[in-house]
Amino acid sequence: MVIDGVAHGSAAVQWECDAGVFRIVVGRVLTETVSAAVRELLLDACERGTHGVVLVVEAELEPGNHDVLRHLVDVAQRRCWAASRRFEVVATDPEICEALATAGIWPSPPTDPADA
């Protein structure tokens, strides 16, 4: 996890809140349990005075878990929309990008924090 620029969380899910943006990083393998943890963080992110939420998916998908990813992103989009927060999903893994594109979701390329 990162609060005010300091990372917090576990190896599976980390988060930080900096400059009005709540950033959730999903690492390792995306499972239903990890997805549930991210959905809980989304509730917190949308209740804070943030401008937006960035979901960074660095995890691998378990075989047949494309639905878990699509559901997670769908929930994130809906929660952010309902709370009037900007939402962005970032991914680089070709399998993740393909699963998102199949669902009509186009992930942003990652940005280097040094460029910000």
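Presented here is an overview of the structure given in this document.

A closer look at the nonpolar core
Step number 1: In this structure, Ile24, Leu30, Val38, Leu55 and Leu69 are the most contacted members of the largest nonpolar core, which totals 30 residues.
Step number 2: Those elements giving two or more residues to this core turn out to be β3 (13-18), β4 (21-26), α1 (32-47), β6 (52-57), α2 (66-82), β8 (86-91) and α3 (94-102).
Step number 3: Filtering out sequence-adjacent residues up to four positions away, Ile24 remains in contact with Val13, Gln14, Trp15, Val38, Leu41, Leu42, Val53, Val54, Leu55 and Val56.

Remarks on the packing of aromatic side chains
Step number 1: On inspection of all chains with the given rule, the structure shows one aromatic pair.
Step number 2: Judged by centre distance (5.1 Å) and plane angle (10°), the ring pair of Trp15 and Phe22 falls under stacked.
Step number 3: The exposure class of Trp15 is buried, given its relative accessible area of 7%.
Step number 4: With relative accessibility at 0%, the residue Phe22 sits in the buried group.

Some details on the pairing of β3
Step number 1: Every second residue of β3 is oriented toward a common face, the buried set being Val13, Trp15 and Cys17 and the non-buried set Gln14, Glu16 and Asp18.
Step number 2: As paired elements, β3 and β4 share six bridges and run antiparallel to each other. Within β4, the residue paired with Asp18 across the bridge is Val21.
Step number 3: A loop of two residues connects β3 with β4, the two strands running antiparallel in sequence, and Ala19 in this loop sits at a positive phi of about 55°.

Cut-offs applied
Residues numbered from 1 in each chain as written. Predicted model: local features only at pLDDT ≥ 70, side-chain atom pairs only at ≥ 80, totals over all residues. Heavy atoms only, no water. Core = buried A, V, L, I, M, F, W, Y, C linked by side-chain atoms within 4.5 Å. Buried < 20%, exposed > 50% of the residue type's maximum accessible area, 1.4 Å probe, protein only. Helix = DSSP H or I, 4+ residues; strand = E, 2+ residues; numbered from the N terminus. Contact = heavy atoms within 4.5 Å. Phe/Tyr/Trp six-rings, centres within 6.5 Å; stacked < 30°, edge-to-face > 60°. Pairing = 2+ DSSP bridges.

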